[in-house]
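# Structural overview
Each chain is listed here by its residues.
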Amino acid sequence: MIKNYIKTAFRSFWKRKVFTLINIVGLSIGISASLVIYLIVHYDFTFDKFHKDSDRIYRVVSDYKFQGNVNHSYGVTAPMAAGIKNNVTGVELIAPLFTLNPDVTVLAKHNEPVKFKGQDHITLADQNYFKIIQYKWLAGSSTTALNDPYHVVLTSERAKVYFPSLTYDQMLGKTVTYDTLKTTVMGIVETIKENTDFSCHDFISFSSAQPKTRLGKDVQLYNWGNTNSASEVFIKLYPGVSAAEIQTQVNAMYKKNHPQSADALKNGSSQTYTVQPLSDIHFDQTYGTFDFSGPASKPRSYMLLAIAGFLLLLGCINFINLTTAQATLRAKEIGIRKTLGSNRKQLIVQFLSETFLITLFAVVISIGLAPLILKLFADFVAPGVKADYIHQPDIFLFLFVLTVVVGILSGFYPALMLSGYKPVLVLKNQAQSGSSRTRNAWLRKSLTVSQFVIALFFIMATMLVSKQVYYALHKDLGFKKDAIIFAETPYKTRKAATNMVMANKLRSLPGVAMVSVGFEPPSSDGTNTTNFVYKDGKKDITTPVELKFCDENYIPLYHIRILAGRNITARDTGSGFVINEKYARILGFTNPNDAIGKVFASNGKNLRIVGVVADFYTHSLQSPISPVAILAAGKDNFYNGVIHIALKPETAGGGEWQKTMAAMGKIWKEMYSDDDPNYQFYDKSIEQFYGQEKQTSTLLTWATGLSIFISCLGLLGLAIYTTGQRTKEIGVRKVLGASVSQIVRLLSTELVLLILLAFIIVTPLAWLAMNKWMESYADKTTISWWIFATSGAGMLLVAFITSSLQTIKAAIVNPVKSLRSE
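A few points on the structure.

The subject of this paragraph is the pairing of strand β11 (residues 181–189). The side chains of a regular strand alternate between both faces of the sheet. Where strand β8 (residues 137–140) meets β11, three bridges bridge the pair, whose relative direction is antiparallel. Residue W137 lies in a different strand from β11, and its bridge partner there is V189. Two strands pair when backbone bridges link them, and strand β9 (residues 151–155) and β11 are joined in this way by five bridges, in the parallel orientation. Counted as the bridge partner of L154 is I188 from β11. Across four bridges, strand β10 (residues 175–178) lies against β11 in antiparallel orientation. For V176, the partnering residue across the bridge sits in β11 and is T183.

Further remarks concern the pattern of salt bridges. Applying the stated rule across the entire model yields 18 salt bridges. A salt bridge links E670 to K505, with the nearest nitrogen and oxygen atoms 3.4 Å apart. Taken together, the residues span a long stretch of sequence, with E670 in helix α20 (residues 656–671) and K505 in helix α17 (residues 496–507) at a distance of 165 residues. Residue K505 is classed as partly exposed on the basis of its relative accessible area, which comes to 32%.

Attention now moves to the packing of helix α23 (residues 727–735) against helix α24 (residues 740–774). As a packed pair, α23 and α24 sit with axes 10 Å apart at the nearest point and diverge in direction by 145 degrees. Crossing geometry of α23 relative to α24 is assigned as right-handed. Contacts from E729, I730, R733 and K734 of α23 reach α24 at I743, L746 and L747.

For F616, the position within the fold is in the loop between β23 (605–613) and β24 (628–632). Residue classification places F616 among the buried positions, given a relative accessible area of 1%. For the pair F616 and R561, spaced 55 residues apart in the sequence, the C-alpha separation amounts to 9.4 Å. In this view, F616 contacts L477, G478, F479, P522, I560, I625, V628 and I630; residues no more than four positions away in its chain are not counted.

What you see with strand β5 (residues 104–107) is a clean split: V104 and V106 sit on the buried side and T105 and L107 on the side with no burial. Counting the residues in the hairpin turn of β5 and strand β6 (residues 113–116) gives five residues, including H110, whose phi is positive at 60 degrees. Across three bridges, the pairing between β5 and β10 is antiparallel. Counted as the bridge partner of V104 is Y178 from β10.

About the thresholds
- Residues numbered from 1 in each chain as written.
- Predicted model: local features only at pLDDT ≥ 70, side-chain atom pairs only at ≥ 80, totals over all residues.
- Heavy atoms only, no water.
- Pairing = 2+ DSSP bridges.
- Helix = DSSP H or I, 4+ residues; strand = E, 2+ residues; numbered from the N terminus.
- Salt bridge = Lys/Arg side-chain N within 4 Å of Asp/Glu carboxyl O.
- Buried < 20%, exposed > 50% of the residue type's maximum accessible area, 1.4 Å probe, protein only.
- Axes fitted to C-alpha atoms, helices over the stretch in contact; angles between N-to-C directions.
- Left-handed = near helix turned anticlockwise from the far one by under 90°.
- Contact = heavy atoms within 4.5 Å.

By themselves, these are just geometric observations and shouldn't be taken as functional.
Set out below in structure tokens:
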């Protein structure tokens, strides 16, 4: 019986090769997309699920509020861990971390030092960390390795980098030096092989940060007023304890140790703490990450799942449309089968087996395509996402479930409809009654409209995301970003005097227009904020202000407009500063000139406003413009750490910038011989703010292209069927004088009406979705009417061209051939 089903199915496929090919291609695209998206989403959703009691593990994170603006940080004050331990009940374990970026030195064979410069994923930790986060111990004591100062635990991969020729037991007792901090290896743990955001590989005992040492001062163990992104705290709650209850206790404890001023309360300023579940860390971009591999995005995962579902649905719609459209072609076959004794159940099994075979072909093609698609999207997906069919048996379970779902979804209704034909009517060429034909026609039209709704939605979304990215990259941000290079000099060896010499050497290059020495560019990922206090005679106005440190060339180099007063100079070090227009308005000065000369208190110093500049964005357009203070960097080594270089325009022939960059690289090596140059074009740095939006745009572009392709495949199939059914009608019309254009218009009218209906349905849905997506931007483009008009017109044009390939072909056929059999 099964053999007969398969034989009949292949006979049917061969007889209708074009329609079979259309169905296989449509389903292959949908299943391939679903398989790749399953691999991506499954990868993200399996992060850190292997830890024991993972539902009781949390991270403490910070929330800041000022005048309605809310900011977040994964960092906390350094005394937080001790404060929780002494004041908060219900917490079983507390693990503080403090991430470092030191040079690492180990002794190789013959006691020769080997240096690893600027290493990351190194942290201070205590023994509780290994009780919360699960590791397998390969050497050393799992209970005491980090109990004493100047001890370190290494992961197995890192240990083999430091001591490649030693066994894990032989590594115990070896010395590893972090900058100047000498530590002894007391344990080796196996590198976590499961998907995890915990990627630290060197764990230095937290007690090594002694209060009077440089490391202790960096950590600021007793400073409740300083929040450092390097400082993190993980906690594990006792069973049954509510996270909300712990969060309330943490905030009460913080207020007790760091009370807010009355002015801060009046301005709506506050700092509070949230207890973030471990399961949220990989996905929640609100707080971000520092030492971990970086958050994914749940909205992006859901968008990917939606795209996979829509593409699969499009393939299924094609199958249903083409199968039901060809129903009359198989009517006699069904009538004869029923006459010879086949019952309805057997016919349903026959038609479903055909559907499952086509789905199976599509699945086999998808298995081959998935690795190629992952390579194509290598920049979009995480390196850990692989189509490893041997070591990931869950892939085959997913494909099995997908085959069953797609087979039933695509084949059930056509099988039910075809098996319901009555043999008496079929053999009289009356396969379907009038009501049945109308019902099937309406189903096909409804499904076709659904296809166009999906395709139009993708087109509209793609156009808006691209428009927002273009807007962000071309908007006047309040400063110049083109033809500017910046470079951060090495933190450990930088000196202000060295950078001044370097700046003078750079100024001598013929391709350099201007050089400034200071700190970060106007807009960057970093944030340096402090509270400024202004006394207006009646009250103190306390404002969190973002700081920019620079020399007198910074403002003219970046073309930041001065609205009042003058530029900053070296004479203003410690006494004068420049503010932006936003800060002036917060202080109550509608005229920037009124702010000049006003005195502020900050960190025990009185500073006078010497100038007001126009507002500029300090972060991406998702963040509103902040109050900013620009101060003279003076001779501070830290705040003179970044070189800013404006290049002269290139001539028509080009090549000057390349020569200038080569010369700049030589100057860097003269000043910092141990470090490679890290010059970056500033406009490229700005583009990195919108990396996720660019990825979304790319993803939507592909989804749009595929949805249009699948829809047009189905449209082409229907056009082939329709023109085939109306061949004699077309012949008669031509004999009676109809032109080719009239016939094409006749055959295309219904298509135009269906697309117009789809356009009417999708436009409000797309507008609502776009509005929701744009809410995350403080400054955004407009949702223009032409996005919808262009999308509708473009879809109409593509669909018309697709159907015209067949309708024109049918319209130009000699009517003698069409009517030969009459």
